[in-house]
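Chain and residue survey
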Amino acid sequence: MKLDVVIVTLNHENIIKDAYDKVKKELKDTKHKIIFVDNCSTDNTMELLEEIQKKDEDHTRIIKLSKNTNYNSCVIAGLNYCKNK
């Protein structure tokens, strides 16, 4: 089984690394992709996500939205990149 996980971020520089580590730990024995949808963060969230992606390119994807939108739209944007049903 393969699992895609969508994580929506907005100015989460203080928690994004910890969130990533916890999700990775839970998925360690599962084929997976973590899709981060950044909702126009103004802090260092994007820089941290780029560091995470460099270390784990096979399992991460970043979607950077061009304008701030509602949570549901962010989730839909992430789901559009999912490869699984």
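Just so it is clear, the model here is predicted, and its values are computed rather than measured.

Moving on: the nonpolar core. Residues Val 5, Ile 7, Ile 16, Tyr 20, Leu 27, Ile 34, Phe 36, Met 46, Leu 49, Ile 52 and Ile 62 constitute the largest nonpolar core, which totals eleven residues. Per element, the largest residue contribution to this core is three residues, and it comes from helix H2 (residues 45–55). Setting aside its immediate chain neighbours within four residues, Ile 7 contacts Val 23, Ile 34, Ile 35, Phe 36 and Val 37. Grouped together as the second largest cluster of nonpolar side chains are eight residues, Val 8, Ile 35, Ile 63 and Leu 65 included.

On to unusual backbone geometry. Phi angles above zero are rare outside glycine, and Asn 11 is one such case at about 55 degrees. Within the fold, Asn 11 resides in the loop between strand S1 (2–9) and helix H1 (16–26). If you check the backbone angles, Cys 40 has positive phi at about 65 degrees while not being a glycine. Locating Cys 40 in the fold gives a position in the loop between strand S2 (31–38) and H2.

Moving on to the pattern of salt bridges. Considering all chains together, one arrives at five salt bridges under this definition. For the salt bridge of Asp 21 with Lys 17, the shortest nitrogen-to-oxygen distance reads 3.0 Å. Taken together, the residues span about one helical turn, with Asp 21 and Lys 17 both in helix H1 at a distance of four residues. You can call Asp 21 partly exposed: its relative accessible area is 32%. Lys 24 serves as the salt-bridge partner of Asp 56, at 2.9 Å between the closest nitrogen and oxygen. On the criterion of sequence distance, the pair formed by Asp 56 in the loop between H2 and strand S3 (60–64) and Lys 24 in helix H1 is long-range, its members being 32 residues apart.

Rules behind the numbers
- Residues numbered from 1 in each chain as written.
- Predicted model: local features only at pLDDT ≥ 70, side-chain atom pairs only at ≥ 80, totals over all residues.
- Heavy atoms only, no water.
- Core = buried A, V, L, I, M, F, W, Y, C linked by side-chain atoms within 4.5 Å.
- Buried < 20%, exposed > 50% of the residue type's maximum accessible area, 1.4 Å probe, protein only.
- Helix = DSSP H or I, 4+ residues; strand = E, 2+ residues; numbered from the N terminus.
- Contact = heavy atoms within 4.5 Å.
- Salt bridge = Lys/Arg side-chain N within 4 Å of Asp/Glu carboxyl O.

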